[in-house]
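Here is what each chain is made of, one letter per residue.
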Amino acid sequence: MTVRIDEAYEFPHRHLLGLRDYSSRDILHVLDQASNFLEILNRPIPKIPTLRDKTIVNLFYENSTRTRLSFELAQKRMGADVVNFSSSSSSVSKGETLRDTIRNIESMKIDMVVVRHPSPGAPHFITRCVEAAVLNAGDGAHEHPTQALLDLFSIRQRTGRLEGLKVVIIGDISHSRVVRSNIIAMTRLGMEVVLCGPRTMMPLFVEEMGVRVSYHLEECLEWCDVAMALRIQLERQGGGLFPSQREYHERFGIKKRHLKEFPHFVIMHPGPINRGVELESEVADDPRAIILNQVTNGLAVRMASLYLLSGGKRGPS
Ligand code: NCD
C-alpha cells in the first residue's frame, strides 16, 4: 500500500537520538515514509540511489545482530558508501577515547553516524564532536528509537491502528532501552500501556511516564491487544533479581496455553529471544507472533530514518 506523504511537512530533526524529542506528527511521518520504503523492498530490484552521495559509519561498541545488519542493509539498499567499526577490532582496545575515535572518523568526511554504545548519552555526546547526522542504535539502558519505531510500524501493519490500542510490555523493564523508547512514543500516540514483570525489575515511579503497572501476567493478557515480551538483560543486571529462569518463565513467560485462553492478542519481541524463558518456543513460532515481521519492517523504518535525516531529497518513487 502506498501511503500519501504530506509533502508540505518539513521534517524538523537533524538527528535521531531518542523519541523524547519527536512529536506524534514526527513519529507518524517516519512510519508513513517507511510504508513506501517497504514497498521498494518488495520490488524485484530493491535498490534506490537516495543516499548515493553519502558516506555512513556504523559505530558499534556493543554486540548486535539485527540492528547492525538492518542498518547496514538499509544503507546499501539506498546506495550509500558504508564503513563499519566495532570496538573489539579497533584502536578502542588500545585505549583511544570515543571523542578521538569520532574526530578521526569525521576527518574522513563522513555524513552520517549510526552508534550503539553501552553508555547512555553517547550519541548526544557525538553530536557535539562532529557535524554529521547521528542516529542512536541503542545507548545503554536509555533509548533505542529505531526499535520503537519499527515496533509501532509492525503494530499498525497488523492491527490497522495505534490510537487507543492496549499494549502490555512484559519483563525486565528497568534495564530495557526498548521499553523506554516505546513508552515515550506509545503514550504520545494515545496508546494505553501496562508494564508487567518482577517487582525487582520495575523502576520506582515509572507511572509518572503515563503507564500503569501490573504483576499479574494473565490479567494483562486478557486485557491487551498486543503483548511485547522483553529479554532479561543479564549483561546489565548485577544478578539476583529473580530466583531462576525457570521460575521467571512460570510467572512471566507467555505460554502455549495462553494463546488458547486469550485468543486475541498479538505477540511481539525485539529479539534476541531466549526460548523457554520469555516465550515458550511454540509461542515464538505461532502465526500470532509478528517477530519476523518486526525484523523486515526494521529495514524499512531505518531506510526512512536515514532518508529523512539525510535531508530528504530523492525519496521513494
Ligand atoms: C534489543 C537491544 O539491543 O536493546 N535488541 C535489538 O536491538 N533488537 C533488545 C535486547 O537486547 O534484548
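Quick notes on the rules
- Residues numbered from 1 in each chain as written.
- Predicted model: local features only at pLDDT ≥ 70, side-chain atom pairs only at ≥ 80, totals over all residues.
- Heavy atoms only, no water.
- Near = heavy atom within 4 Å.
- Polar contact = N/O pair within 3.5 Å; in protein donor to acceptor, adjacent residues only side chain to side chain.
- Areas by Shrake-Rupley, 256 points an atom, 1.4 Å probe, with all protein chains shown as cover.
- Helix = DSSP H or I, 4+ residues; strand = E, 2+ residues; numbered from the N terminus.
- Phe/Tyr/Trp six-rings, centres within 6.5 Å; stacked < 30°, edge-to-face > 60°.
- Buried < 20%, exposed > 50% of the residue type's maximum accessible area, 1.4 Å probe, protein only.
- Lys NZ or Arg CZ within 6 Å of the ring centre and 35° of its normal.
- Domains from an automatic or database assignment.
- Contact = heavy atoms within 4.5 Å.
- Buried area = accessible area lost by both parts, 1.4 Å probe.
- Salt bridge = Lys/Arg side-chain N within 4 Å of Asp/Glu carboxyl O.
- Pairing = 2+ DSSP bridges.
- Axes fitted to C-alpha atoms, helices over the stretch in contact; angles between N-to-C directions.
- Right-handed = clockwise from strand over helix to strand, strands pointing away.
- Expected span 1.5 Å × (residues − 1).
- Core = buried A, V, L, I, M, F, W, Y, C linked by side-chain atoms within 4.5 Å.

(A) Quick look at the site of the ligand. Around the ligand sit Arg66, Thr67, Arg116, His144, Gln147, Arg177, Val178, Arg231, Gln233, Pro270, Gly271 and Pro272, and those are all the residues in its vicinity. Within the contact set of the ligand, an oxygen atom lies 2.9 Å away from a side-chain nitrogen or oxygen of threonine 67. Contact between the ligand and arginine 177: an oxygen atom at 2.7 Å from a side-chain N or O atom of the residue. For the ligand, the accessible surface in isolation is 320 Å², of which the surrounding protein chains cover 94%.

(B) Region of the structure containing unusual backbone geometry. Look at the link from glycine 271 to proline 272: it is a cis peptide, with omega at -10°. In this structure, proline 272 sits in the loop between strand S9 (266-268) and helix H10 (281-284). We note that lysine 109 has phi near 60°; this positive angle belongs to a residue other than glycine. Its place among the elements puts lysine 109 in the loop between helix H3 (98-106) and strand S3 (112-117).

(C) Molecular detail of the packing of aromatic side chains. Applying the stated criterion across every chain, the model contains four aromatic pairs. Geometrically, the ring pair formed by phenylalanine 11 and tyrosine 22 is edge-to-face, given 5.8 Å between the ring centres and 65° between the ring planes. In this pair, phenylalanine 11 sits in the segment before helix H1 (24-41) while tyrosine 22 sits in the segment before H1, placing the two residues eleven residues apart along the sequence. By the burial criterion, phenylalanine 11 is buried, and tyrosine 22 matches it. Lying across the ring of tyrosine 215, arginine 199 places its NZ or CZ 3.9 Å from the centre. Over the face of the ring belonging to phenylalanine 71 we find arginine 302, whose NZ or CZ atom lies 5.0 Å from the ring centre.

(D) Inspection of the domain arrangement of the chain at higher detail. Here the chain is partitioned into domain 1 (24-141 + 297-309) and domain 2 (145-295). The straight-line distance from the C-alpha centre of domain 1 to that of domain 2 is 26 Å. Between domain 1 and domain 2, the contact holds 25 residues from the first and 26 residues from the second. Regarding the contact of domain 1 and domain 2, the summed buried area is about 2000 Å², with carbon and sulfur atoms giving 59% of it. For domain 1, the biggest contributors to the area lost against domain 2 are Arg66, Ala141 and Asn297; these three give 32% of the whole. Applying the counting criterion to the domain 1 and domain 2 interface returns two salt bridges. When the shortest N-O distance is used, the salt bridge between glutamate 62 and arginine 177 registers 2.9 Å. Viewed at the interface, domain 2 and domain 1 are joined by twelve residue pairs in polar contact (both at pLDDT 80 or more). Breaking the side of domain 1 that touches domain 2 down by element, the ones donating at least two residues are H1, helix H2 (66-77), S3, strand S4 (133-139) and helix H11 (291-309).

(E) Layout of the sheet that holds strand S8 (residues 226-229). Pairing is parallel across the open sheet formed by five strands, whose spatial order is S7-S6-S5-S8-S9. The outermost strands of the open sheet, each flanked by one partner alone, are strand S7 (212-214) and S9. Adjacent strand axes in the sheet meet at a mean angle of 25° when their direction is disregarded. Direction of pairing for strand S5 (residues 166-170) relative to S8: parallel, over a ladder of four bridges. Following the sheet pairing, valine 167 is matched in S8 by valine 226.

(F) Here's a closer look at the pairing of strand S2 (residues 81-86). Bridge count for strand S1 (residues 55-60) against S2 is six bridges, and the pairing is parallel. Of the residues in S2, the one forming a bridge with leucine 59 is phenylalanine 85. Once the chain exits S1 it traverses H2 before rejoining the sheet at S2, and the crossover so formed is right-handed.

(G) Examining helix H6 (residues 177-188) more closely. Relative to the 16 Å expected for twelve residues at 1.5 Å per residue, H6 spans 17 Å between its end C-alpha atoms, a close match to the ideal helical length. Counted residue by residue, H6 has nine buried out of twelve residues, so it is predominantly covered. The complete set of buried residues in H6 reads Arg177, Val178, Val179, Ser181, Asn182, Ile183, Ile184, Ala185 and Met186. The N-cap of H6, judged by a side-chain oxygen 3.2 Å from the amide nitrogen of valine 178 a few residues on, is serine 176.

(H) The arrangement of the nonpolar core in detail. Counting 65 residues, the largest nonpolar core has Phe37, Leu152, Ile169, Met186, Met191 and Leu195 as the members making the most contacts within it. Ranked by residue count, the leading element in this core is H11, at nine residues. Both domains that furnish three or more residues to this core are identified here as domain 1 (24-141 + 297-309) and domain 2 (145-295). Setting aside chain neighbours within four positions, we find leucine 195 in contact with Ile169, Ile173, Val179, Ile183, Met202, Val206, Val211, Arg212, Val213 and Ser214. Membership of the second largest hydrophobic core comes to 26 residues, among which are Ile170, Leu217, Leu259 and Val277.

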